[in-house]
Amino acid sequence: MVPHPAESNEGSVGGTTPAGLPLGPEIPKITPMRPRTVLVVGAHPDDEVLGPGGTLARHVGEGDDVHALILCEGVSLRYPDAKEDFVALEGRAAARVLGLASWTLHGFPDQRLDRLSLVEIAAPIERKVRELKPVIVYTHWRGDINRDHALVHEATLVAARCKERSIEKLYAYETPSETEWGIPYDFSPNTFVDVSRFLDTKLDAMRCYRSQSPPANHPRSLEHLRNRALYWGECMLMEAAEPFVLLREYWR
Ligand SMILES: [Zn+2]
């Protein structure tokens, strides 16, 4: 017996359902927008490189426009006598290495975000989201031991809530030494980006942050950043990878 077209594994499906009803309207073809606008939100200069630096370089390599918003300056606490914000200069140099379209330092005081309300922290992120209309947003993981990071995570959730209709995907990135030092360590990535061809660019960007270079064997050292990417890569059968938690996805 010849199967009904709709029951066959081969050939065209035909123009009616098994019940004899006509098929619905033609399915519209939707082509994703390219290039995409990407926004990474970080608490401090260097977070944007430590966490998703290779992925940002990959976005740039794929033709996307990538923007960084850093909420806190990096000198007032650690270098109170500094005459200029040299960490900002390092950040701009790192952004050039990564090929970012913009790198904005908002200037909240370092390690003091807990003196502000969530609304105040979210305000510059919200402004940036409305200005850029990003399709993808990256932010900190909520469980980082650094309080600034946790607050930036929360503030990004507010600024990137569903009424911002450009956003399709919202991810959290890990920050070596802040994420795994959080208790409990509950960063459980569900997205892995192959950064094999972009790892050297990430490390070159990190080299721009001379004032932030840690001692050897530190989770933020260049050697460890490479090893970490190789570790995540091996976990997922890639050469080198960066891990993320997909917090929310809208398929509009
Ligand atoms: Zn930080």
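## What about the overall build of the protein?
Argument step 1. Summing up its helical and strand segments, the protein has 7 helices and 7 strands in all.
Argument step 2. Overall, the protein shows an N-to-C arrangement of helices and strands of β-α-α-β-α-β-α-β-α-β-β-α-α-β.
Argument step 3. A principal-axis box enclosing the C-alpha atoms of the protein has dimensions of 85 × 40 × 35 Å.
Argument step 4. For the protein, the residues scored as buried account for 40% of the 252 residues in total.
Argument step 5. Taking the contacts inside the protein whose residues are at least 6 apart along the sequence as the reference set, 77% of them involve residues at least 24 apart.

## What to know about the packing of helix α4 (residues 118-132) against helix α5 (residues 147-159)
Argument step 1. Between α4 and α5, whose axes approach to 8 Å, the crossing angle comes to 55°. Between α4 and α5, the interaxial angle falls into the category oblique. When the axes of α4 and α5 are compared, the crossing they make is right-handed. Taking contact as the criterion, the partners of L118, I121, A122, I125, E126 and V129 in α4 are, on α5, L151, V152, E154, A155, T156, V158 and A159.
Argument step 2. Looking at the contact of α4 with α5 residue by residue, the class counts come to 10 nonpolar, 1 polar and 2 charged.

## Thoughts on the nonpolar core
Argument step 1. In terms of nonpolar packing, the biggest core is built from 55 residues, with V41 and L71 touching the most fellow members.
Argument step 2. Considering every element that reaches this core, the biggest residue donor is strand β2 (residues 65-72), with 6 residues.
Argument step 3. When neighbours within four sequence positions are excluded, V41 is seen to be in contact with L69, I125, V137, Y138, T139, V152 and T156.

## Details of α5
Argument step 1. Along its 13 residues, α5 runs 18 Å from first to last C-alpha, staying within 8% of the 18 Å computed at 1.5 Å per residue.
Argument step 2. Regarding α5, the residues found buried are D148, H149, A150, L151, V152, A155, T156 and A159.

The rules we used
Residues numbered from 1 in each chain as written. Predicted model: local features only at pLDDT ≥ 70, side-chain atom pairs only at ≥ 80, totals over all residues. Helix = DSSP H or I, 4+ residues; strand = E, 2+ residues; numbered from the N terminus. Buried ≥ 20, exposed ≤ 12 C-beta atoms within 10 Å, placed from the backbone. Contact = placed C-beta atoms within 7 Å. Axes fitted to C-alpha atoms, helices over the stretch in contact; angles between N-to-C directions. Parallel < 35°, antiparallel > 145°, perpendicular 65-115°, else oblique. Left-handed = near helix turned anticlockwise from the far one by under 90°. Nonpolar A, V, L, I, M, F, W, Y, C, P; charged D, E, K, R; others polar. Core = buried A, V, L, I, M, F, W, Y, C linked by C-beta atoms within 7 Å. Expected span 1.5 Å × (residues − 1).

These values are about where atoms sit, not about what they do.
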